[in-house]
Amino acid sequence: VVLGVTGEVGLHLTGSFWVVVLGLATYAWGRRLGEWPVAAAIIVVTSPLVVAGQNLMIDIPMLALASSSVAMYLRACEKNSVGTAVAAGMLAGLAVNFKYAGVVAIVVIIIDSVLWRRWRMLAAGVIGLVLFAAGQLASMAIYGEPQILHARNWIQRLWPSDVSDVLHRTSTAVVYL
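Cut-off values and rules
Residues numbered from 1 in each chain as written. Predicted model: local features only at pLDDT ≥ 70, side-chain atom pairs only at ≥ 80, totals over all residues. Heavy atoms only, no water. Helix = DSSP H or I, 4+ residues; strand = E, 2+ residues; numbered from the N terminus. Buried < 20%, exposed > 50% of the residue type's maximum accessible area, 1.4 Å probe, protein only. Contact = heavy atoms within 4.5 Å. Salt bridge = Lys/Arg side-chain N within 4 Å of Asp/Glu carboxyl O. Phe/Tyr/Trp six-rings, centres within 6.5 Å; stacked < 30°, edge-to-face > 60°. Expected span 1.5 Å × (residues − 1).

## Side note on the overall build of the protein chain
The helix and strand inventory of the protein chain stands at nine helices and zero strands. Along the three orthogonal principal directions, the C-alpha set of the protein chain runs to about 50 × 40 × 40 Å. The buried share of the protein chain, reckoned over its 177 residues, is 30%. Contacts spanning at least 24 positions in sequence make up 58% of the contacts within the protein chain whose residues lie at least 6 apart.

## Structural notes on the pattern of salt bridges
Within the structure shown, the criterion is met by four salt bridges. For Arg32, the salt bridge is made with Glu78, and the minimal N-O distance between the two is 2.0 Å. On the criterion of sequence distance, the pair formed by Arg32 in helix 1 (residues 7-33) and Glu78 in helix 4 (residues 59-79) is long-range, its members being 46 residues apart. Bridged by salt links that share partners, the residues Arg32, Arg75 and Glu78 form one connected network.

## Here we look at the packing of aromatic side chains
Counting across every chain of the model gives three aromatic pairs. Taking 5.6 Å as the distance between ring centres and 70° as the angle between the ring planes, the aromatic pair formed by Trp18 and Phe98 counts as edge-to-face. Of this pair, Trp18 sits in helix 1 while Phe98 is found in helix 5 (residues 82-98), placing the two residues 80 residues apart along the sequence. Judged by relative accessible area, Trp18 falls into the buried class, the value being 16%. Judged by centre distance (6.1 Å) and plane angle (85°), the rings of Tyr100 and Phe132 are edge-to-face. Taken together, the residues Tyr100 in the loop between helix 5 and helix 6 (103-115) and Phe132 in helix 7 (residues 122-143) connect sequence positions 32 residues apart. Owing to a relative accessible area of 30%, Tyr100 belongs among the partly exposed residues under this scheme. Judged by its relative accessible area of 21%, Phe132 falls in the partly exposed class. Through a chain of ring-to-ring contacts, the aromatic side chains of Phe17, Trp18 and Phe98 assemble into a single cluster.

## Examining helix 5
Since the α-helix turns once every 3.6 residues, residues separated by three or four places project in the same direction. Compared with an ideal rise of 1.5 Å per residue, which puts 17 residues at 24 Å, helix 5 spans 24 Å between its outermost C-alpha atoms and is within 8% of the ideal. Turning to helix 5, its buried residues are Thr84, Ala85, Ala88, Gly89, Leu91, Ala92, Gly93, Ala95 and Val96. Those residues of helix 5 that are buried lie in contact with helix 4, helix 6 and helix 7.

## Concerning unusual backbone geometry
Among all residues except glycine, the phi angle is most often negative; among peptide bonds, the trans geometry is most common. One non-glycine residue, Asn80, lies in positive phi territory at about 55°. We classify Asn80 as partly exposed; its relative accessible area is 44%. Although it is not a glycine, Arg117 sits at a positive phi angle of roughly 55°. Inspection of the secondary structure assignment puts Arg117 in the loop between helix 6 and helix 7.

Here you go:
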């Protein structure tokens with residue numbers, strides 16, 4: 001049972017919602033960047049990573065929220081709308097609370113705001129950071145520690161490692177990239 005949704009069909013429909021959100025965000029980016037926004041959206045939502053991740057894993061919702069936040073931020077910059085920027089920041093904050101890789105959206109928004117001196121649009125990055133902090137405070141209330149530390153400690157209990165092991169894994173991952 002996830003959010004009151006039961007059964008295989010219900011879970012797939014819930015997962016499909018995030019794929020649709022990702023497709024719409026990709027379409028919005030595609031309209032800005034090229035001549036084939038529909039093709040870009042279709043390629044993204046039918047890619048093996050998205051199709052395989054459509055089982056309510058947190059990767060697709062995080063990607064959908066992060067992509068939507070950056071697309072909305074760009075729209076806020078075009079309209080010079082702080083309200084739209086705040087909404088973009090809220091999506092970015094939700095993305096990072098789904099999965100920490102969503103922090104990329106907040107970083108992109110903050111770097112763009114600073115580099116292009118869009119000081120009013122910096123509200124999006126600030127809101128994203130505030131929502132990230134709120135998620136950590138909620139985790140402290142539940143687990144007694146911020147989620148970022150709770151997850152780290154949980155992983156260390158499952159897979160104990162020392163510094164040399166972490167350096168070895170990191171260097172191996174960089175070589176594969």
